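The chain contents come next:
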Amino acid sequence: MKTIAVTIVLLGMLIVSSRAQGPQPDKADFPDDFLWGVASAAYQVEGAYQADGKGESKWDFFTNTIGVTQFTIGEKQTANVTINQYDREQYLRDIQLMKELGINTYRFSIPWSRIIPQGVGEVNTKAIAHYHLLIQDLKEAGIEPLVTLYHFDLPLALLQKGGWLNRESVQWYKNYAKVIFENFGNEVRHFITFNEPYIEFFVADFMMNPSQSKESGNVRYAKEMDNVNHQLLASAEAIKLYHEMNLKGKIGITFNLSPCLPFDAGNPEDVEAVSLQDELLNRIVLDPVFKGKYPKNALAAIQKYNPGFQPSAEDLQLILNNQPDFLGINFYAPAQVKKDDGAPLGVSWMGNNTDAVKMANGPVRPEELYNLLMRIKNEYGDPEIIITENGASFENDEDKVVDGKVNDMTRTDYIQRHIAAAEKAVKDGVKLKGYFVWSGWDNFEWIFGYTIRFGLIHVNFETQERVPKSSYYWYQHFLND
Ligand code: GCO
């Protein structure tokens, strides 16, 4: 008897120690038709950057021609190969891993430069065929596609015509969206028009050419807002078109949202800076989409350096009249805000992180995901929400393969606690319809190249070997129990 009891206790300890601590969320608390998935973006995972007649995208150009050298310490890293997911043999193996994981949806993006290589004009039938096959392969494995139309990768030919600063971009995008809806509108039940308007410009245009002075930083920042306005208009046009085409699925837009907290709660200047930062990070996209106006103080701060930023009443009406069917939220961390005269518009958040074990995107605060979901419900008309990205990369050694295993307990704990926060919001009435981990696999992380990892599955970038991490097994256990 005693031996059995001891064995049971030991076994229990073993199971507990192989799982993360903290609240264990229960899948049964989420709706039956909930979308459980992992997320990726084409440029970060596909490689095959010239295959099947693909045109050059802005990121192909940035990495191959300019290089991301200043952020990857002397190395010129590209996503020309990355994790090779355009290749069917490779993606079939990755689909198998997703199937074993137990998810029902895969969020990926289709690159505009594959579908219409020059941005406008001729449509590339090889690329269309590729995505038909991918979608079919996913469905055969019991996995539905959730497709992002635009994830930072503008065709280079359009960048050369001014990119998103050119108002014609709204029409270019609408034309591209039409091609996507005509070809995939009946196979795909969830579309996302844009991933994170404005972050694209921070991680690329803005950071690749750091401003020389405070004044030019302000002007550049304010100018980027023209891009954002055009993307919101383009999104509204695509949503309008999608609804006019009477397609049976849903279309949304994804924002990265970061609840704002003072960096130092004891410093009145930081406390005061929070509200402007919140307008610049969150309300700058939420208010036009759900309320038909840009927030007042952010607008004034932007117009001071970009007097031409004058969204018209018609534009705002178009955006308001064509709301997304669901709001996609990418949540990683709250912003710890400082008043900072050296930063654009006098407030800063990027790089501020008071945690001891640092996560790349900021401090770990799962309760802020709950607060954010409740805020959207209460202040923005209770929309349907999908958490389109949530995940972590820590500045510790946990992503190393040791004896064939990757014991990423900090990430596992992070994911578990954020799912628990989402569960609490569901219990409190938030219309949450899905949750996606960023990312399924380690991949090319924009300006950081291959130096930071977010995957549930470890990838050896030399050999393409995949090793599921502890976080993968935790998610699998959560999904299948
Ligand atoms: C973004 C994206 C992803 C990132 C992820 C991790 O926010 O830039 O949507 O492409 O890889 O957020 O930083």
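The structure under discussion appears in the preceding block.
Treat the numbers as computed from the prediction; the structure is a model and nothing was measured. (Residues numbered from 1 in each chain as written. Predicted model: local features only at pLDDT ≥ 70, side-chain atom pairs only at ≥ 80, totals over all residues. Heavy atoms only, no water.)

**Description of the packing of helix α10 (residues 214-244) against helix α11 (residues 268-291)**
Quick reminder of the rule: Axis definition: a line fit to C-alpha positions, over the contact stretch in the case of helices; interaxial angles, taken between N-to-C directions, run 0 to 180 degrees. Helix numbers and strand numbers start at the N terminus; a helix is a DSSP run of H or I with at least 4 residues, a strand a run of E with at least 2. Note: crossing handedness is left-handed where the near helix turns anticlockwise from the far helix by less than a right angle, and right-handed where it turns clockwise. Residues are treated as being in contact if the distance between any of their heavy atoms lies within 4.5 Å. In this classification, the charged set is Asp, Glu, Lys and Arg, the nonpolar set is Ala, Val, Leu, Ile, Met, Phe, Trp, Tyr, Cys and Pro, and all remaining amino acids, among them Gly, are polar.
Between α10 and α11, the shortest axis-to-axis distance is 11 Å and the interhelical angle comes to 30°. Between α10 and α11 lies a crossing whose hand is right-handed. In this structure, α10 uses Y221, M225, V228 and L232 to contact α11, whose residues at the interface are L280, I284, V285, P288 and V289. Among the residues making up the contact of α10 with α11, the classes are represented as 9 nonpolar, no polar and no charged.

**So, the environment of N330**
How we decide: Accessible area is worked out with a 1.4 Å probe on protein chains only. A residue is then buried under 20% of its type maximum, exposed over 50%, and partly exposed in between. A 3.5 Å cut-off defines polar contacts: any pair of N or O atoms within that distance qualifies, except that in protein one atom must be a possible hydrogen donor and the other a possible acceptor, and neighbouring residues in sequence count only when both atoms are side-chain atoms.
As for its placement among the helices and strands, N330 is situated in strand β7 (residues 326-330). On the accessibility criterion, N330 (1% relative accessible area) is buried. Residues N330 and N256 lie 74 residues apart in sequence; the distance between their C-alpha atoms is 4.5 Å. Sequence-distant contacts of N330, defined by excluding residues within four places in its chain, comprise R107, N195, E196, T254, F255, N256, L257, T388 and E389. In this structure the side chain of N330 is engaged in a polar contact, spanning 2.7 Å, whose partner is the side chain of E196.

**Overview of the site of the ligand**
Selection criterion: In this text, near means that some heavy atom of the residue lies within 4 Å of the molecule or strand in question. Shrake-Rupley sampling with a 1.4 Å probe provides the accessible areas, and residues are treated as covered by the protein chains on show and by no other component.
Near the ligand, the surroundings consist of 13 residues, among which Q44, N195, E196, E389 and E445 are the closest. One nitrogen or oxygen atom from the side chain of H151 is found 3.0 Å from an oxygen atom belonging to the ligand. A distance of 2.9 Å separates an oxygen atom of the ligand from a polar side-chain atom of W446. For the ligand, the protein covers 94% of the area, taking 330 Å² as the surface of the free molecule. Across the shell around the ligand, the residue classes break down as 5 nonpolar, 5 polar and 3 charged.

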